[in-house]
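The residues making up each chain are set out below.
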Amino acid sequence: MVGALFGHPLLRRVLLSDFAVTTGQSIRSALIVLFVTHYMGLPHWASGLFLFQFVFGIAAAPIWAQIGYRIGKHRAAVAGELAQAAINVGLLLVVPGQIGLLLALTLAQGLTQGSGNLMLRSMVADIADEQAPWQI
């Protein structure tokens, strides 16, 4: 079964992309806790910022679906991931006391969060739909 999954070149490419996106998001999640807690000096804000980000991520899911329909899932995934990278670089500009900028970047991160997740997993479903059940 694993051989069949990784024997399909397009599926392998999408799964590796999904792995890279998920790994990057996991690293960012761990670092943002340290960033907010120790650098910003707001340990009581860390979990609230996660919730704030994920609420906007869920709210933006239909928007990303429409973007995917309009420009294609692969382009939407790339655009969203590039936006997330820019937002993460923007965090380098945040200094202690700049709560407004931190909140704005967290909101922006939330709005882009689902781009890669939704698009890549949707592409996996598209690939599965193209294959007969006995070929996967």
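Procedures and definitions
Residues numbered from 1 in each chain as written. Predicted model: local features only at pLDDT ≥ 70, side-chain atom pairs only at ≥ 80, totals over all residues. Heavy atoms only, no water. Helix = DSSP H or I, 4+ residues; strand = E, 2+ residues; numbered from the N terminus. Expected span 1.5 Å × (residues − 1). Bend = angle between axes of the 7 residues up to and from the residue. Core = buried A, V, L, I, M, F, W, Y, C linked by side-chain atoms within 4.5 Å. Buried < 20%, exposed > 50% of the residue type's maximum accessible area, 1.4 Å probe, protein only. Contact = heavy atoms within 4.5 Å. Patch = residues over 30% accessible without salt bridge, like charges linked within 9 Å, V, L, I, M, F, W, Y side chains within 5 Å. Areas by Shrake-Rupley, 256 points an atom, 1.4 Å probe, with all protein chains shown as cover. Salt bridge = Lys/Arg side-chain N within 4 Å of Asp/Glu carboxyl O. Axes fitted to C-alpha atoms, helices over the stretch in contact; angles between N-to-C directions. Parallel < 35°, antiparallel > 145°, perpendicular 65-115°, else oblique. Left-handed = near helix turned anticlockwise from the far one by under 90°. Nonpolar A, V, L, I, M, F, W, Y, C, P; charged D, E, K, R; others polar.

(A) Fine view of helix H5 (residues 99-130). The end-to-end C-alpha separation of H5 is 48 Å, in line with the 46 Å expected for 32 residues at 1.5 Å each. The largest bend in H5 comes to about 25°, at Leu 111.

(B) Seen up close, the nonpolar core. Counting 13 residues, the largest nonpolar core has Ile 32, Phe 35, Val 36, Met 40, Leu 91, Val 94 and Leu 102 as the members making the most contacts within it. Those residues in contact with Phe 35 that lie beyond four places of it in its chain are Met 40, Leu 91, Val 94 and Leu 102. Of all hydrophobic cores here, the second largest spans eleven residues; its members include Leu 11, Val 14, Leu 120 and Met 123.

(C) Quick look at a nonpolar patch on the surface. There is a patch of nonpolar side chains on the surface, built from Ile 27, Leu 31 and Leu 34 and spanning about 290 Å² of accessible area. Topologically, Leu 31 is positioned in helix H2 (residues 9-39).

(D) Highlighting the packing of H2 against helix H3 (residues 46-71). As a packed pair, H2 and H3 sit with axes 9 Å apart at the nearest point and diverge in direction by 135°. As summarised for this structure, H2 and H3 are arranged oblique, according to the angle between their axes. Two packed elements cross with a definite hand, and for H2 against H3 that hand is right-handed. The residues of H3 that touch H2, namely those facing Arg 28, Ser 29, Ile 32, Val 33, Val 36 and Thr 37, are Ala 46, Leu 49, Phe 50 and Gln 53. Considering only residue class, the contact of H2 with H3 consists of six nonpolar, three polar and one charged.

(E) Spotlight on the pattern of salt bridges. In the structure shown here, the tally under the stated rule is two salt bridges. The salt bridge involving Asp 126 is made with Lys 73; its shortest N-O contact spans 2.5 Å. Of this pair, Asp 126 sits in helix H5 while Lys 73 sits in helix H4 (residues 73-90); the two residues are 53 residues apart in sequence, bridging distant segments of the chain.

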